[in-house]
Amino acid sequence: MPETSFEKAYPLARRAAQVRAIAAVASGRARAADREDLEQEALLRIWQALPRYDPSKGSLGTFIERVAESRFRSLLRSRRHSVTIEPLDGMRPASADGIPMVEFRTDFERLLRLVGGPERRLASLLTVHSASEAGRILGVARSTVYRRIERLRAALLAAGYGPSGCPGGKR
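Residues numbered from 1 in each chain as written. Predicted model: local features only at pLDDT ≥ 70, side-chain atom pairs only at ≥ 80, totals over all residues. Heavy atoms only, no water.

## Some words on the overall build of the protein
For the record, the criterion: In DSSP terms, a helix is any run of H or I states spanning at least four residues, a strand is any run of E spanning at least two, and both are numbered starting from the N terminus. Buried residues are those whose accessible area, probed at 1.4 Å on protein chains only, stays under 20% of the maximum for their type, while exposed residues exceed 50% and partly exposed ones sit between those limits.
Secondary structure summary: the protein contains seven helices and zero strands in total. Secondary structure elements of the protein occur, N-terminal to C-terminal, as α-α-α-α-α-α-α. The buried share of the protein, taken over its 171 residues, is 30%.

## A closer look at the packing of helix 6 (residues 131-138) against helix 7 (residues 142-158)
Stated precisely, the cut-off is as follows: Axis lines are fitted to C-alpha atoms, over the contacting stretch for helices. Their N-to-C directions set the angle, which ranges from 0 to 180 degrees. Comment on the angle field: the value is read as roughly parallel under 35 degrees, roughly antiparallel over 145, roughly perpendicular from 65 to 115, and oblique elsewhere. We call two residues in contact whenever any of their non-hydrogen atoms come within 4.5 Å of each other. In this classification, the charged set is Asp, Glu, Lys and Arg, the nonpolar set is Ala, Val, Leu, Ile, Met, Phe, Trp, Tyr, Cys and Pro, and all remaining amino acids, among them Gly, are polar.
Viewed as axis vectors pointing N to C, helix 6 and helix 7 meet at an angle of 110°, and their least axial separation amounts to 9 Å. With respect to each other, helix 6 and helix 7 are oriented roughly perpendicular. Residues A131, S132, G135 and L138 of helix 6 pack against R142, V145, Y146, R148 and I149 of helix 7. When its residues are assigned to classes, the contact of helix 6 with helix 7 shows five nonpolar, two polar and two charged.

## Section: the side chain of R148
How we decide: Residues counted as positive are Lys and Arg, residues counted as negative are Asp and Glu, and His and the chain ends are not counted. In the sections that follow, a salt bridge refers to a side-chain nitrogen of Lys or Arg positioned within 4 Å of a carboxyl oxygen of Asp or Glu.
Tracing the backbone through its elements, the reader meets R148 in helix 7. One buried charge, R148, has no salt-bridge partner; the nearest side chain with opposite charge is E119, at 4.9 Å. Those residues in contact with R148 that lie beyond four places of it in its chain are P118, E119, L122, L138 and V140.

## Considerations on the pattern of salt bridges
Under the definition given, this model contains ten salt bridges. The residue E41 makes a salt bridge to R142 at a minimum N-O spacing of 3.9 Å. In this pair, E41 sits in helix 2 (residues 35-49) while R142 sits in helix 7, placing the two residues 101 residues apart along the sequence. Connected via shared salt-bridge partners are R20, E65, E69 and R73.

## Some thoughts on the nonpolar core
Counted only if it meets this: Residues enter a nonpolar core if they are buried and are Ala, Val, Leu, Ile, Met, Phe, Trp, Tyr or Cys, with the set joined through side-chain atoms within 4.5 Å.
Ranked by internal contacts, the top residues of the largest apolar core, which has 22 residues, are L38, I46, L60, F63 and I64. Those elements that place two or more of their residues in this core are helix 1 (6-26), helix 2 and helix 3 (60-80). Of the residues forming this core, the biggest block, eight residues, is contributed by helix 3. Those residues in contact with I64 that lie beyond four places of it in its chain are A9, L12, A13, A16 and I46. Judged by nonpolar contacts, the second largest core, of twelve residues, contains A123, A134, V140 and V145.

## Considerations on helix 7
The condition that has to hold: In this scheme, a helix's expected span is set at 1.5 Å multiplied by one less than its residue total. Arc definition: directions from the helix axis to the C-beta atoms.
With 17 residues, helix 7 ought to run about 24 Å at 1.5 Å a step, and its terminal C-alpha atoms sit 24 Å apart, in line with that. Every buried residue belonging to helix 7 is among T144, V145, R148, I149 and L152, and all of these are buried. Angularly, the buried residues of helix 7 cover 140° about the axis, an arc narrow enough to put them on a single face. Of the exposed residues in helix 7, those oriented more than 90 degrees away from the buried face are E150, R153 and A158. The inward-facing, buried residues of helix 7 contact helix 5 (117-126) and helix 6.

## Re the packing of aromatic side chains
Put simply, the rule is: Between rings of Phe, Tyr and Trp, where Trp is taken as its six-membered ring, a pair exists when centres lie within 6.5 Å; planes separated by under 30 degrees are stacked, by over 60 edge-to-face, and by other angles tilted.
Considering all chains together, one arrives at one aromatic pair under this definition. Residues Y53 and F63 carry aromatic rings whose centres are separated by 5.3 Å and whose planes lie at 55° to one another, so their mutual orientation is tilted. Within this pair, whereas Y53 is found in the loop between helix 2 and helix 3, its partner F63 is found in helix 3, the two being separated by ten residues in sequence.

## A word on the confidence of the model for the protein
Filter applied, for reference: By definition, pLDDT measures how confident the predictor is in each residue, and it falls between 0 and 100.
Averaged over all residues, the pLDDT of the protein is 78; the fraction at 70 or higher stands at 75%. Highest mean pLDDT in the protein belongs to helix 2 (90); lowest belongs to helix 4 (residues 99-112) (66).

Shown next, in the form of structure tokens:
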């Protein structure tokens, strides 16, 4: 079976993923904030499937369309049955003796004063949710969540907070 390069397949794959993601958002089956994530998932699945492409069975375009369609069907089916995530704002977790979590919470709240609104809300969510879950709660793409995490890290490092191995980092 001849090797198909991703460079050759990429324009077809990108178009197939974009069209399906836009259609999913337009039909209400996905949120606009999830469009880029859906496209990325489809492109990844197409890339993984390329070694199985056999030109004797059909064109590259048809193969990519089938893989993209299958992936979108699966993604949208899994999102239809997703669990609703309840925000846990205001809850104060405690350890067995109660003291370490109180100290952590005090330090954490002090650090949150150093950052602005969107980063502050994200930091609070990340104490109990994954980055993907926080993105869904905030209604933003995963890439936006990771950009905000980078800004959070930069602000905390600038304030002197960081891993103990960092010069000037506080423990």
